[in-house]
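# Inside the fold
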Amino acid sequence: MAMHTPLKQTYNYAFLDEGSKKEIRRATLKAVAIPGYQVPFASREMPIGRGWGTGGLQLTLSLIGDGDTLKVIDQGNDDSVNAVSIKKLVQACTNVAVTTDAEQATLIQSRHRIPEVPIRADQILVFQVPIPEPLRFVEPKEKKSKHLHAEMDYSGIWLRLYEDIVKWGKISIGADYPALAHKRYIFAPSPIPRYDLPKLHQAEGLFLFGAGREKKIYAIPPYTDVEPLAFDDYPFEVEHFEGCSCRLCGSTDSFLDELYDEAAGQTFYQCSDTGYCRKCRERGAQHGK
Amino acid sequence: MGNEDRPLLAVRHLMKRFGKGCATCRNPQNLPSGSSHCPHCGSVLACNDISFDLYEGEILGIVGESGSGKSSLVQSLYFDSPVTSGSATIATYNKGPRNIFLESAQQKRYIRNHLMGMVYQNPWIGLKMNFSSGGNIAEKLIAAGDFNVRAIRSRAADLLDHVEIPITRMDEAPAHFSGGMQQRVQISKALANKPPILLLDEVTTGLDLSVQARVLDLIRRIQRENRTAMLVVSHDLGVIRMLCDRTLVMKQGRCIEAGLTDQILEDPQHTYTQLLVHSLL
């Protein structure tokens, strides 16, 4: 009788097989060539559920190689369960280093935030996208929305903005604010706050968007015009935090999360980007206190 | 030849077939007379070799019983459904000679937004019922490149005022309006970009008489003020008599008679037209 040895499970480098990576990279190249255009791709089954960042993860895994440094953010946070799990998975099947410092990372996978420090030309930011189709709420049929994109017929989504102004006196879209990529395709920037949207405009770095459940990849390449949709007399506005500062690092120029302490009955603010906040505090400590 | 003599919209040999078609019905002469149905493959020729001219400022009537292909004709002209064959040219589009049915989807959209307006029999097709009335008009203005809310709203208010919709109800959804009001909102939407051609498909059907009269008055006024050319589809000879200078009579997809409205109503030549006119009396 043969010796019964436990089977050692091995995966390919970066989990996906090389053929899959190639297919995803090919879709990515097409996406880079046509800013804002949603390129279909064969989204793979991943060891995390669809809707938990499989699109972003597949982009990350198709791009990552030795020498890369990875940062994973979940709503600005480096330490949330989702970010930690994704980091663990990537570490388990590659040998790349992970970091929480946005400036040291070469590849950043993010859920719904762009780091405070601008992305450089040698960095790639990968977004996890729940709903890649900005026209989904005005046109439920995929076939029709493809036609609308092809013919650049965007009156439906503009009408939605107009109705918002009529009803509420302003445009009521908070996160995932639609924008026009290089004067051609309207795209969904994933649910990043409006505050982050101008960071995509004429940026140095490459931004990739992956929607695993919806099987789409799109991109905002460096130095692309990104214009948030706005009427001439109702300009686009970002969230602002006048008179507020981070309770940890004291920063007044970052995107702040509002927190409520029930016991104390107090509202306080804190940097949403935890990596940035930590660096600010370290710098503060160095400069003597 | 002067500009006056050149038709604004010229339609030639328009064919619209529902169904696959076969060797028999590809040549419409093979169809049994008095039928638009192909006995071999079951296809229906909704429009069978329709040709006509529409001049600036003219109202052309298209009359016929239901199923005669009237609506298929205007829907084809508005690109709602593709034609099987035939051509149409618009004098003010690319200087005239281009067959608009062969244009790209983008160009067709341009024609729909700038050169044509359409009013459907059923306002639920022509309007977005859950958006505001002003929004319905805004959609057309935005499509034509207007991105200033104040300008859009003042133009929408003007248009609604023109069709006698109180401006206080501008931000209300047409779903809450009466049938006649919905129809008038639809007309104001169709007029939003001052199109030279207006297609009206059974606009007064289903409206009560006093409301009908007001909608007809409105159509007459628009024609007088803007010199808009209109194609009025109706099965109601009263409407045709009131509005149209010239009339086309359709039956089973064919155009069986065309001429001055008075002439057709007073001295119908074709037996079917005679029947139609006598049914009126």
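Residues numbered from 1 in each chain as written. Chains lettered and ligands numbered in written order. Predicted model: local features only at pLDDT ≥ 70, side-chain atom pairs only at ≥ 80, totals over all residues. Heavy atoms only, no water.

So, about the sheet that holds strand β2 (residues 44–54) of chain B. Two orientations exist for strands paired in a sheet by backbone hydrogen bonds: parallel and antiparallel. Residue and element names in this part refer to chain B. Overall, antiparallel pairing links the 3 strands, which are arranged β2-β1-β4 in an open sheet. Lying at the two open borders of the sheet, with one neighbouring strand each, are β2 and β4 (85–90). Sheet twist, expressed as the mean angle between neighbouring strand axes with direction ignored, is 15°. In this structure, strand β1 (residues 9–18) lies alongside β4, joined through 5 bridges in antiparallel fashion. Bridge pairing in β4 links Val11 to Ala88. (Pairing = 2+ DSSP bridges. Helix = DSSP H or I, 4+ residues; strand = E, 2+ residues; numbered from the N terminus. Axes fitted to C-alpha atoms, helices over the stretch in contact; angles between N-to-C directions.)

Residues and elements named next belong to chain B. A sheet is described by the order of its strands in space; here 6 strands give the open sequence β5-β6-β7-β3-β8-β9, paired in mixed fashion. The outermost strands of the open sheet, each flanked by one partner alone, are β5 (116–119) and β9 (254–260). Taken over all neighbouring pairs, the strand axes of this sheet differ in orientation by 15° on average, direction set aside. One ladder, built from 5 bridges, connects strand β3 (residues 59–63) with strand β7 (residues 229–234); its direction is parallel. Its bridge partner being in β7, Gly61 is matched across the sheet by Val232. Taken strand by strand, helix α3 (residues 105–115) contacts β5 and β6 (197–201), and its axis lies near 75° from that of β5. This element, helix α7 (residues 179–190), spans β5 and β6 of the sheet and lies at about 170° to β5. (Contact = heavy atoms within 4.5 Å.)

Residue and element names in this part refer to chain A. As for its placement among the helices and strands, Gly205 is situated in the loop between β7 (185–187) and β8 (206–211). Linking Gly205 and Asp122, residues 83 residues apart in sequence, is a C-alpha distance of 6.8 Å. Discounting chain neighbours no more than four positions away, the residues touching Gly205 are Ile119, Arg120, Ala121, Gln123, Ile220, Pro221 and Pro222.

Residue and element names in this part refer to chain A. Most of strand β5 (residues 124–128) sits inside the fold, with 4 of its 5 residues counted as buried. The pairing of strand β4 (residues 107–111) with β5 spans 4 bridges and is classified as parallel. Counted as the bridge partner of Ser110 is Phe127 from β5. Relative to β8, β5 runs parallel, the two being bridged by 5 bridges. From the neighbouring strand, Gln128 faces β8, where its bridge partner is Gly210. (Buried < 20%, exposed > 50% of the residue type's maximum accessible area, 1.4 Å probe, protein only.)

Before going further, it helps to spend a moment on the packing of helix α5 (residues 155–168) of chain A against helix α6 (residues 149–162) of chain B. Axis separation between α5(A) and α6(B) bottoms out at 12 Å; the angle between their running directions is 85°. Considering their axes alone, α5(A) and α6(B) lie roughly perpendicular with respect to each other. The residues of α6(B) that touch α5(A), namely those facing A:Tyr162, A:Ile165 and A:Val166, are B:Val149, B:Ile152 and B:Arg153. Here the residues of the contact of α5(A) with α6(B) sort into 5 nonpolar, no polar and 1 charged. (Parallel < 35°, antiparallel > 145°, perpendicular 65-115°, else oblique. Nonpolar A, V, L, I, M, F, W, Y, C, P; charged D, E, K, R; others polar.)

What follows concerns the environment of B:Asn130. Here B:Asn130 shows up in the loop between α4 (123–126) and α5 (133–143). Ignoring anything within four residues of it in the chain, the contact list for B:Asn130 reads B:Ala173 and B:Ala175.

Right, let's talk about the UniProt feature "domain: ABC transporter" (unreviewed entry) in chain B for a bit. According to UniProt, the feature "domain: ABC transporter" (unreviewed entry) maps to residues 26–277 of chain B in the numbering used here. End C-alpha to end C-alpha, residues 26–277 of chain B measures 33 Å, and it is 39% helix and 20% strand. (UniProt positions renumbered as here; feature names shortened; annotations may be inferred.)

So, about the nonpolar core. Ranked by size, the top nonpolar core spans 87 residues in total, and within it A:Phe127, A:Phe187, A:Leu200, A:Phe207, A:Phe209 and A:Phe231 carry the most contacts. The residues touching A:Phe127, leaving out its near neighbours within four places in the chain, are A:Gly56, A:Ser110, A:Arg113, A:Ile114, A:Pro189, A:Ser190, A:Ile192, A:Leu200, A:Phe207, A:Leu208, A:Phe209 and A:Gly210. Counting residues in hydrophobic clusters, the runner-up holds 33 residues, among them B:Ile90, B:Tyr93, B:Leu115 and B:Tyr120. (Core = buried A, V, L, I, M, F, W, Y, C linked by side-chain atoms within 4.5 Å.)

Below, the discussion takes up the pattern of salt bridges. Residue and element names in this part refer to chain A. What the rule picks out here adds up to 33 salt bridges over all chains. Measuring nitrogen to oxygen at the nearest pair gives 2.4 Å for the salt bridge that ties Asp74 to Arg111. With Asp74 in strand β2 (residues 69–74) and Arg111 in strand β4, the pair connects residues that are 37 residues apart, well separated along the chain. Assessed through its relative accessible area of 9%, Asp74 is described here as buried. The residue Asp225 makes a salt bridge to Lys183 at a minimum N-O spacing of 3.2 Å. With a gap of 42 residues between them, Asp225 in the loop between β9 (216–220) and β10 (226–228) and Lys183 in the loop between β6 (179–181) and β7 connect regions that are remote in the sequence. (Salt bridge = Lys/Arg side-chain N within 4 Å of Asp/Glu carboxyl O.)

Here the focus is the pairing of β6(B). Taken residue by residue, a regular strand's side chains alternate between the two faces of the sheet. All names here are of chain B. Burial within β6 is extensive, with 5 of its 5 residues counted as buried. Burial of the side chains of β6 extends over both faces: Ile197, Leu199 and Asp201 are buried on one face and Leu198 and Leu200 on the other. Taken together, the 4 bridges between β5 and β6 define a ladder with parallel strand orientation. Looking across to β6, one finds that Met118 is bridged to Leu199. Two elements, β6 and β7, share 5 bridges in a ladder whose sense is parallel.

The partner chain B presents 20 residues to the 16 residues of chain A that form the contact. Taking both sides of the interface into account, the surface hidden between chain A and chain B amounts to around 1700 Å²; carbon and sulfur atoms contribute 64%. Contact with chain B buries area across many residues of chain A, yet A:Glu151, A:Leu159 and A:Tyr162 alone supply 37% of it, more than any other trio. Scanning the region where chain A abuts chain B turns up 2 salt bridges. Notably, a salt bridge pairs B:Arg109 with A:Asp153, separated by 2.4 Å at the nearest N-O pair. Of all the elements in the fold, those that place two or more residues in the side of chain A that touches chain B are α4 (142–150) and α5 of chain A. Among the residues forming the side of chain A that touches chain B, the class breakdown is 9 nonpolar, 1 polar and 6 charged. (Buried area = accessible area lost by both parts, 1.4 Å probe.)

So, about unusual backbone geometry. Residue and element names in this part refer to chain A. With a phi close to 70°, His112 is a non-glycine residue in the positive phi region. As for its placement among the helices and strands, His112 is situated in the loop between β4 and β5. Of the residues examined, His112 reaches a relative accessible area of 10% and is grouped as buried. A positive phi angle is found at Ser190, which is not glycine, with a value near 65°. One can find Ser190 in the loop between β7 and β8.

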